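These are the residues of each chain, in order.
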Number of protein chains: 2
Amino acid sequence: MTSVEEAETEETVTCLHLTFYHPCQEDKRMFRCLNFCRRERVRAEDTARFGRDSNLCHYNLMDARVSRIQFALQFYRKLNSSEFCFEIKNMSKKTKLIVDKTKLGYLNKIDLPWKCIICFGDYQILAEMQEGESMDYFETYLHLAKVPIVEERYLPSLQPVPESGISSSSFPSQGKSPIEIDEND
Amino acid sequence: MTSVEEAETEETVTCLHLTFYHPCQEDKRMFRCLNFCRRERVRAEDTARFGRDSNLCHYNLMDARVSRIQFALQFYRKLNSSEFCFEIKNMSKKTKLIVDKTKLGYLNKIDLPWKCIICFGDYQILAEMQEGESMDYFETYLHLAKVPIVEERYLPSLQPVPESGISSSSFPSQGKSPIEIDEND
């Protein structure tokens, strides 16, 4: 038997794809500390924090308008269910966090829908969850959008949504999002 | 005017009173790293973690049967409300966390009722929330019970509950719980 045949079945890991857009992202200054286009493993017990202060946040946005901690993501298991879920919490006193149509004030939190758009200030983030089995870890996978996320979503659909459009985007195990671009584009 | 008259109005701070009981607490080994009978201020954005590993938990239980992180408490503000709330999350893979009658498995979480009993293993904790206004901080105030918390609660009430009983305990601003004892008792 080969080592692959003998090895224990590998667990799939829940992955949260986050596709970022900012109108001034051409110079990528605000995004220069984010690792795009690769999965990052986070321990299930840890909170994924996004914000300006790299001492407090693993996901660091280099922008004076961003709060020390802007928002935090918590991984949890729903009660009486084997389903995993993410919860998002607004950690900014200055800026509202908008999840689809729900406005979150400071310390407000909400379950992250399976697919949703997160906005604060000029930032737009498309969040898409890919289910997995592991209770020990989850993964984040950051992407960079070429075009605004919100405008595209709210465009009147005068023609059928093309397969490469955002509204039909989905993430096969190692697939690439049609709207993501390389760091060096 | 005196300095008290000139000073800004002081904000009240939400305080979570936690009264601990363990059947083998006589020697206080498991509780020797907890600071009883004094308020501790925690930043609103921080998670209060209880467990065996002092690198991961501020509230340290010295007991080989306790998990590295046993449970975590998160402070948050309810959506469309000015009300603050605590959420408890079971961080132990080995031990169920019971909040009143709700059993939480690993990574399950629930809102902490205003007054409730938290159990895991042989540990019993009476949790009582005292409302406050501050959005920047909350406080924890740990107490040690002289008598079991669960048995007392479930005793048949054949006579009126005495004023010093647990079921009537409440925490005036700087008051002492009738069931709390000093560290050195």
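Residues numbered from 1 in each chain as written. Chains lettered and ligands numbered in written order. Predicted model: local features only at pLDDT ≥ 70, side-chain atom pairs only at ≥ 80, totals over all residues. Heavy atoms only, no water.

The name that an unreviewed UniProt entry assigns to chain A is TRAF-interacting protein with FHA domain-containing protein A, with the source organism given as Chloroceryle aenea. Comment text from UniProt for chain A, heading Subcellular location (unreviewed entry), reads "Cytoplasm". According to the UniProt record, the Sequence similarities (unreviewed entry) comment for chain A reads "Belongs to the TIFA family." (UniProt positions renumbered as here; feature names shortened; annotations may be inferred.)

### Focus on the overall build of chain A
A tally of regular secondary structure across chain A gives 2 helices and 12 strands. Listing each helix as α and each strand as β along chain A from the N terminus yields α-β-β-β-β-β-β-β-β-β-β-β-β-α. Put simply, chain A has 185 residues, and 51% of those count as buried. The long-range fraction of contacts in chain A, counting pairs at least 24 apart against all pairs at least 6 apart in sequence, stands at 60%. Summed over all atoms, the accessible surface of chain A reaches about 9,900 Å², with 48% contributed by carbon and sulfur. (Helix = DSSP H or I, 4+ residues; strand = E, 2+ residues; numbered from the N terminus. Buried < 20%, exposed > 50% of the residue type's maximum accessible area, 1.4 Å probe, protein only. Contact = heavy atoms within 4.5 Å. Areas by Shrake-Rupley, 256 points an atom, 1.4 Å probe, with all protein chains shown as cover.)

### Some points on the interface of chain B and chain A
Each partner contributes to the interface: chain B provides 29 residues, whereas chain A provides 29 residues. Summing both partners gives a buried area of about 2,400 Å² for chain B against chain A, and 44% of it is carried by carbon and sulfur. Of all residues in chain B, B:Glu45, B:Leu79 and B:Leu107 bury the most surface against chain A, accounting for 25% of the area lost on that side. At the boundary of chain B and chain A, one finds 8 salt bridges. Put simply, A:Lys93 and B:Asp136 hold a salt bridge, and the shortest N to O gap is 2.1 Å. Linking chain B with chain A are 20 residue pairs in polar contact (both at pLDDT 80 or more), by the criterion used here. In terms of residue count, the dominant contributor to the side of chain B that touches chain A is strand β5 (residues 71-77) of chain B (4 residues). (Buried area = accessible area lost by both parts, 1.4 Å probe. Salt bridge = Lys/Arg side-chain N within 4 Å of Asp/Glu carboxyl O. Polar contact = N/O pair within 3.5 Å; in protein donor to acceptor, adjacent residues only side chain to side chain.)

### Focus: the packing of aromatic side chains
Each aromatic ring pair is specified by the distance between its two centres and by the angle formed by the two planes. Using the criterion set out here, one finds 26 aromatic pairs over all chains in the structure. Seen in terms of ring centroids, B:Phe31 and B:Phe36 are 5.8 Å apart; in terms of plane orientation they differ by 85°. Their pairing is edge-to-face. Across the pair, B:Phe36 and B:Phe31 agree in class, each one buried. Members of the aromatic cluster, connected to one another through ring pairs, are A:Phe20, A:Phe31, A:Phe36, A:Phe50, A:Tyr59, A:Phe71, A:Phe120 and A:Tyr123. If you follow A:Arg41 out to its NZ or CZ, it ends over the ring of A:Tyr137, 5.1 Å from the centre. The ring of A:Tyr76 is capped by B:Lys109, whose NZ or CZ atom sits 4.0 Å from the centre of that ring. (Phe/Tyr/Trp six-rings, centres within 6.5 Å; stacked < 30°, edge-to-face > 60°. Lys NZ or Arg CZ within 6 Å of the ring centre and 35° of its normal.)

### Quick notes on the relation of the copies chain B and chain A
Between the two copies, chain B and chain A, the superposition gives an RMSD of 0.1 Å; the rotation angle is 180° and the shift along the axis is 0.0 Å. Taken together, the rotation and translation describe the operation of a two-fold axis. Closest approach to the rotation axis among the C-alpha atoms of chain B is made by B:Thr47, whose C-alpha sits 4.7 Å away. Comparing contact sets, 100% of the residues at the interface of chain B also lie at the interface in chain A, consistent with an isologous, same-surface contact. (Least-squares fit on C-alpha atoms with pLDDT ≥ 70 in both.)

### Overview of the state of the cysteines
Applying the stated criterion across every chain, the model contains 0 disulfides over all chains. For the unlinked cysteine A:Cys116, the closest cysteine sulfur is that of A:Cys119, found at 9.6 Å. Looking at A:Cys116, the relative accessible area reads 0%, which means it is buried. The thiol of B:Cys57 is not disulfide-bonded; the next cysteine sulfur, from B:Cys33, is found 11 Å away. According to the relative accessible area criterion, B:Cys57 is buried, its value standing at 3%. (Disulfide = S-S within 2.5 Å.)

### Describing the environment of A:Glu45
Mapped onto the secondary structure, A:Glu45 falls in the loop between β2 (39-43) and β3 (47-51). Take A:Glu45: its relative accessible area is 11%, and that puts it in the buried class. Beyond its immediate stretch of four places on either side in the chain, A:Glu45 contacts B:Arg49, B:Leu56, B:Arg68, B:Ile69, B:Met91 and B:Tyr106. One polar contact links A:Glu45 to B:Arg68, side chain to side chain, over a distance of 3.4 Å.

### Describing the side chain of A:Asp53
All names here are of chain A. Tracing the backbone through its elements, the reader meets aspartate 53 in the loop between β3 and β4 (59-60). For the buried aspartate 53, no salt bridge is present, and the opposite-charge side chain at shortest range is arginine 68, 4.4 Å distant. When neighbours within four sequence positions are excluded, aspartate 53 is seen to be in contact with Asn60 and Arg68. (Lys, Arg positive; Asp, Glu negative; His and termini not counted.)

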